[in-house]
Structures are given as structure tokens and as C-alpha cells.
Amino acid sequence: MYQKPSMKFSFINRQILRRLYLVALVILATLIAIWCEQVQTPKSVTVTSLTQPEKVLVDEPIQPIPLKIALNQSKVGLGEKLFREPRLSADNRVSCLSCHHLNTGGADEVAFSIGVNRTVGNVNTPTVYNAAFNPSLNWNGKFKTLEALTEVAIQNPTDMGIDWQVLIPKLQQTPEYMQAFTQNYADGVTKANVNDAIATYLRSLYTPNSRFDQYLRGNQKAITEEEKEGYRLFKAYGCVSCHQGMNLGGNLYEKFGLMGDYFRERGNVKYADLGRYNVTQNEADKFVFRVPSLRNVALTYPYFHDGSVKTLEEAIKVMTKYQLGRSLSQKDIESIALFLGTLTGEHPALNQK
Ligand code: HEC
Ligand code: HEC
């Protein structure tokens, strides 16, 4: 008689306890999930996740460049010294900076740059700014890493043309380099370490906070109505199908002349015009190029792998004709050019006069 209600009471009690226990479990699981999320999305994107897009408020086919990327500043400093060093060339006259001018967009203003012993290049010099975000490098996508590209650029007869067997002792005999390398690397001056230092410096050449990125991060006033119209057209006409992602390019291969024979109309087809074919030897890759990034494009004239076009408006005309098979009004071309102008970002060396 006495036992029954008590059993009932303890039964209810146990049920409540079980529910409370379940609720507590759910809360705990949620807390763990939130914590994991925070750990997995750090505030500043690190070197190993350079191409990981940032979550922004607006859902757009283009993502902003991270505002801050964590890098070993001592290696960046050594890399910068090497980037500016003419002793890295056979005739002690050419440095990376000779062709990649940092205050004029990360390239130079001629169709083909002049390398060691006055040799002339066969493609236009692309910018080094934001190159670290490109999954493949060069017009034909030959290199996958900045280190591999640097190793070849130093030795290339049309770039710096110096043998590694000559360069390593040359650096070892320079006390300032001996000291800087031993400070940063246990094994001192080696080919791998030269490439690593320069590649680390190249990773520091990113240009965040362009007006367009400010707009992507939610500041509606960062770009004008006309520039917004240019962006709308850029998407509506399909430019964005090739020029997209964080770099507005760099991540796709496309034929130059999808809708018209660019090369026949230009004439004088050369080896470099074969593009990706020179890497893969695949017939279908003839005249195929890596879609270039349009970050800072207002500064990186002349345009195209052949450096044939001097103004942005002319480049947009070429694109609409040969990639889209259309002809746009002058007004639309001007709007798109205005939009492209909002892609100029910030870097101390870029904004220096
Ligand atoms: C003589 C001019 C010249 C010199 C010197 C030179 N470059 Fe370049 N650079 C070029 C050209 C031209 C290309 C494109 C080559 C191609 O596409 O076949 C290029 C491509 C690049 C790219 C690829 C960019 C991209 O997004 O595809 C990087 C990065 C780069 N160079 C860094 C360097 C570094 C680092 C050095 C010094 C070790 C250097 N360059 C020296 C002319 C030069
Ligand atoms: C089907 C893909 C595709 C489409 C669509 C496309 N592009 Fe391109 N774009 C490319 C390729 C590939 C190149 C490089 C061509 C070359 O020089 O070999 C390029 C180059 C450029 C360049 C020159 C960049 C430089 O640094 O030299 C600009 C500017 C440009 N595109 C803007 C546009 C605009 C604006 C549109 C829309 C009107 C557009 N593109 C549509 C693939 C495309």
C-alpha cells in the first residue's frame, strides 16, 4: 500500500531525470559543434589554406581576399631581399623586380620583358600580386607551386639565366646572405631554401581591401551605382563563368578564341600561342590558356599573353568578340571597365608612389 505510490513517484522521477539528461546531452553536443566551427574557421587564413574562400554575407561568385595572412615575417624579409637582388642573375643585372615592378601592378608596361643578356621574352609578364591564390602558374599553367616556378625562373635563359651551381656558392660567399639564411634555415643556403624564401615573400604579395572586396563584405557604398551596373553586366554577359573565385580567374583553362579565330585574325602564330598544348601535348589544348586573374587589372596593362592590347576597354572588346561572340555597346564596355577598376587592392609596395 505504501510502496505503490512511491514506486510510481520514483518512476516519474526517473523519467524526468532521463529527459533532463537528454536535454543536457543535446546542449553539450551543440556547444561542442560551435566550438569546433570556431576552431576550424580561424580569423586570418593561414598559408596552408590560401585558396579557402571566406564566408561573407552576400552569396556571390567572387570572394574577397583575406585581410591578413599569417606568414613567417623573417622569411618574408629574406625573400624580399632575394626578389630585389640582381646578383641572382648571370650578368648581375636582372632581378625578379626587373620584370615584376611592384609599384605598377606587379608586372611591367611592355608587351615582352627583357631578361638576362638582353633576351626578349615570348609572353607578356603576368603580375606577381595574388599569384599565390592561383592553383596553377604561368599562362599555360605549367607550374603548380611558387617554389617550382622560382627554381626555373632563376635558371631560365630568358629570365635570370644563372646556374644553381654558380648561384649557391655566390650567395654563400656573401656574408649578409650567409647570416640571413642561417638565421632562417638550419641547413643555410640551399636551392630549396632560396625557393622557399622567395615563395614565402610571393605569398605576402596579396592585395586585400579593394573597393569591390569592401562591397562584398557588405559595404554597399564602397562602389558607385555605375560600378555596380558594370558588375551586373560582368555576371549577365557571362564573364564571370571564366573569371570567378577569389582571384576572378586563375583556376580554369579556356581556349582563347572560343567564338572566333583570334590567332588567324591576329596573324603570325608563334610557339607560345599554343598555350597549354606546350605542357600537355594534347591536341585539344592548342590555344588554351589559364584564365588570368583580374585583380588589379586596371594596372596590369598591356593585356593578354601576347601583350597586344594597351587599354582595358580594348581588352573587354576582344573578350566579348572572341570569348562571348557578341558586340557590346560602348556604354556597357565602359561600365564593365569601371567595375574592373574597383578590383585594385592594397599593398604597401603597390600603393607606394
Ligand atoms: C625577364 C623578365 C622576368 C624575370 C626576371 C622574372 N619573371 Fe616572373 N614571369 C615573367 C614572365 C614572362 C612570366 C610568364 C611566363 C609564362 O607564362 O610562360 C612570369 C611568371 C611569373 C609568375 C607566375 C604568375 C602567375 O600568376 O602565373 C610568378 C609568381 C613569377 N613570375 C615570379 C618571379 C620571380 C620570383 C622571379 C625571380 C626569381 C621572376 N618571376 C623573374 C617574367 C619575368
Ligand atoms: C570562356 C572564358 C572567358 C570568358 C567568358 C571571358 N574571358 Fe576574359 N580571358 C579568358 C582567357 C583564357 C584570357 C587569357 C587570354 C590570353 O591572353 O591568352 C582572358 C583574358 C582577359 C583579360 C586580360 C587580362 C590580362 O591580364 O591580360 C581581361 C581584361 C578579361 N579577360 C576580361 C574579360 C571580360 C570583361 C569578360 C566578359 C566580357 C571576359 N573576360 C570573358 C577567358 C574568358
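Preceding block: the structure.
Below or above, wherever it landed, is the structure these notes cover. Here the structure is a predicted model, which means the values were calculated and not measured.

Criteria and thresholds
- Residues numbered from 1 in each chain as written.
- Chains lettered and ligands numbered in written order.
- Predicted model: local features only at pLDDT ≥ 70, side-chain atom pairs only at ≥ 80, totals over all residues.
- Heavy atoms only, no water.
- Helix = DSSP H or I, 4+ residues; strand = E, 2+ residues; numbered from the N terminus.
- Buried < 20%, exposed > 50% of the residue type's maximum accessible area, 1.4 Å probe, protein only.
- Contact = heavy atoms within 4.5 Å.
- Areas by Shrake-Rupley, 256 points an atom, 1.4 Å probe, with all protein chains shown as cover.
- Donors = N, O, S within 2.8 Å, 3.2 Å for Na, K, Ca; no water.
- Polar contact = N/O pair within 3.5 Å; in protein donor to acceptor, adjacent residues only side chain to side chain.
- Near = heavy atom within 4 Å.
- Nonpolar A, V, L, I, M, F, W, Y, C, P; charged D, E, K, R; others polar.

Moving on, we get to the overall build of the protein. Per the secondary structure count, the protein includes 13 helices and four strands. Out of the 353 residues belonging to the protein, those deemed buried represent 45%. Contacts in the protein between residues far apart in sequence, at least 24 positions, make up 66% of those at least 6 positions apart. Roughly 19000 Å² of accessible area belongs to the protein as shown, and the carbon and sulfur atoms make up 57% of that amount.

Donation to the iron atom of ligand 1 from the protein comes from one atom only, His100 (NE2), at 2.1 Å. Mapping histidine 100 onto the fold places it in the loop between α3 (96–99) and α4 (146–155).

A few words on the side chain of asparagine 140. Along the chain, asparagine 140 falls in the loop between α3 and α4. Of note is the side chain of asparagine 140, whose polar atom sits 3.1 Å from the backbone nitrogen of lysine 142.

Surveying the vicinity of ligand 2 reveals 23 residues, the closest of which are Cys239, Cys242, His243, His305 and Met319. Histidine 243 is positioned such that a nitrogen or oxygen atom in its side chain is 2.9 Å from a nitrogen atom of ligand 2. Phenylalanine 304 has a polar backbone atom sitting 2.7 Å from an oxygen atom of ligand 2. Looking at the shell around ligand 2, the element that brings in the most residues is helix α12 (residues 312–322), giving four residues. Looking at the shell around ligand 2, its residues break down into 17 nonpolar, five polar and one charged.

Moving on, we come to the environment of glutamate 314. Mapping glutamate 314 onto the fold places it in helix α12. For glutamate 314, a relative accessible area of 36% gives the class partly exposed. Separated by 11 residues in the primary sequence, glutamate 314 and tyrosine 303 have C-alpha atoms spaced 9.2 Å apart.

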